[in-house]
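Reading the structure
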Amino acid sequence: MTQHPPRSVLLASPRSFCAGVERAIEIVERLLDQRGGPIYVRKQIVHNVHVVRGLEARGAVFVEELDEVPPGATVVFSAHGVSPAVRAEAVERSLDVLDATCPLVAKVHAEARRFADRGDTIVLIGHAGHEEVEGTLGEAPERMVLVETAADVEALEITGPVSYLTQTTLAVDETAEVVAALERRFPHVRGPGSDDICYATTNRQIAIREVAAQSDLVLVVGSRNSSNSVRMVELAARGGTPAHLVDDASEIDPAWLDGVTSVGLSAGASAPPELVDEVVAALRALGAVSVSTHTTATETISFTLPLAVRRAG
């Protein structure tokens, strides 16, 4: 039998589901309970393959675009939000829409409309192709430009008033660099009244940074298309700790653990907590003799469900 060196596991807290993810998943679950399948969902409800598979097994049907949804059917918009054009298409197709857009994403959409109405050119800091970014850009496509890095800012040619918004799941420190570049280039640039990067993203980044500093290796549970999960891995790696993103325990490579006596573990905001439990069990089988938690914040936020899916009483 292979002998594994004793090692410890340090769990970052907060980790796993945030309030916006919990709300989005619960909307689909309640619709399935109340109406049965199929319940159509435009795009992945949240960016996690296990969540999607679980809902599919219960009768959810995930589609890329609304033309895949039968006229008059029930469709849920994902937590990442949609553009006004998508909402208009849903009306044209007489679809019964339940909106699972995270309220913090909806806040960014509202800011985009307000900034556009006052005549600003809006610089959106985010990742090209991400669903949240596409939805936000759709609020004022003629007045918005997308940048990903400080170098992108240097290439901007804008006259007149300038404001900026950000994707909610970005790395806090990297975003600060882009904002600083905007402020140097456009001294009168105006930002949102409060940070667009959501509390859950920020909290998970703070926690993983502190855990990584105490660990030889970091594992983050999350899917490849989960922006906030990827940012956590990048953050740990930038601090000098080897880090890997895993969808579940089956993706752990035992070779990663060679010479490792402490493993930091967290999960992105769209990763189910039971996946973390499974990773802990796998690490115990690979020699972990202790598991402790490092807590940097306590999250108490919750979001109200749409009236159409609330249970009476």
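Residues numbered from 1 in each chain as written. Predicted model: local features only at pLDDT ≥ 70, side-chain atom pairs only at ≥ 80, totals over all residues. Heavy atoms only, no water.

Looking at an unreviewed UniProt entry, the protein chain carries the name 4-hydroxy-3-methylbut-2-enyl diphosphate reductase, with the source organism given as Lentzea guizhouensis. According to its UniProt record, the protein chain has this under Sequence similarities (unreviewed entry): "Belongs to the IspH family." UniProt, in the comment section headed Function (unreviewed entry), describes the protein chain in these words: "Catalyzes the conversion of 1-hydroxy-2-methyl-2-(E)-butenyl 4-diphosphate (HMBPP) into a mixture of isopentenyl diphosphate (IPP) and dimethylallyl diphosphate (DMAPP). Acts in the terminal step of the DOXP/MEP pathway for isoprenoid precursor biosynthesis." (UniProt positions renumbered as here; feature names shortened; annotations may be inferred.)

The next thing to look at is helix α9 (residues 227-238). The first and last C-alpha atoms of α9 sit 16 Å apart over 12 residues, in line with the 16 Å expected at 1.5 Å per residue. Along α9, the residues classified as buried are Ser227, Asn228, Ser229, Arg231, Met232, Val233, Leu235 and Ala236. Here the buried face of α9 lies against α8 (199-212), β9 (217-221), β10 (243-246) and β11 (262-267). (Helix = DSSP H or I, 4+ residues; strand = E, 2+ residues; numbered from the N terminus. Expected span 1.5 Å × (residues − 1). Buried < 20%, exposed > 50% of the residue type's maximum accessible area, 1.4 Å probe, protein only. Contact = heavy atoms within 4.5 Å.)

Let us now look at empty space enclosed by the protein. As enumerated under the stated definition, the model contains 1 cavity of 30 Å³ or more in all. In this structure, the largest cavity encloses a volume near 270 Å³. Taken together, 23 residues line the largest cavity, and the ones lying closest to its centre are Cys18, Val21, His80, Thr169 and Asn228. Elements with a contribution of two residues or more to the lining of the largest cavity: α1 (19-35), α4 (103-117), α8 and α9. Across the lining of the largest cavity, the residue classes break down as 10 nonpolar, 12 polar and 1 charged. (1 Å grid on protein atoms, 1.4 Å probe; cavity = no way out; pocket = protein on both sides within 12 Å on 5 of 7 lines; lining within 4 Å. Points joined across faces, edges and corners; volume = space filled by probe spheres on them. Nonpolar A, V, L, I, M, F, W, Y, C, P; charged D, E, K, R; others polar.)

In this section: the pairing of β9. With 5 of its 5 residues buried, β9 lies for the most part within the structure. Relative to β11, β9 is paired through 5 bridges, and the arrangement is parallel. Paired with Leu219 across the strands is Leu265, a residue of β11. Strand direction decides the pairing type here: β9 and β10, joined by 4 bridges, are parallel. Following the sheet pairing, Leu219 is matched in β10 by His244. (Pairing = 2+ DSSP bridges.)

With that settled, consider the sheet that holds strand β8 (residues 162-166). The strand order across the open sheet formed by 3 strands is β7-β6-β8, and the pairing between neighbours is parallel. For this open sheet the edge positions go to β7 (144-147) and β8, each flanked by a neighbour on one side alone. Between one strand axis and the next, the sheet turns through 25 degrees on average, direction left out of account. Bridging between strand β6 (residues 121-125) and β8 involves 5 bridges; their strand directions are parallel. Directly across from Thr121, in β8, lies its bridge partner Val162. Running over the sheet, helix α7 (residues 172-185) touches β6, β7 and β8 and is turned about 155 degrees from β6. (Axes fitted to C-alpha atoms, helices over the stretch in contact; angles between N-to-C directions.)

The feature "binding site: isopentenyl diphosphate" (unreviewed entry), as given by UniProt, occupies His47, His80, His130, Ser226, Ser227, Asn228 and Ser270 in the numbering adopted here. Among the annotated residues just listed, those lining the largest cavity are His47, His80, His130, Ser226, Ser227, Asn228 and Ser270. Residue placement: His80 occurs in the loop between β4 (74-77) and α3 (84-92). Accessibility expressed as a relative area gives 11% for His80, which makes it buried. Those residues in contact with His80 that lie beyond four places of it in its chain are Gln44, Ile45, Val46, His47, Val105, His130, Glu131 and Glu132. Separated by 3.4 Å, the side chains of His80 and His47 make a polar contact. Turning to its location among the elements, Asn228 is positioned in helix α9. Judged by its relative accessible area of 8%, Asn228 falls in the buried class. (Polar contact = N/O pair within 3.5 Å; in protein donor to acceptor, adjacent residues only side chain to side chain.)

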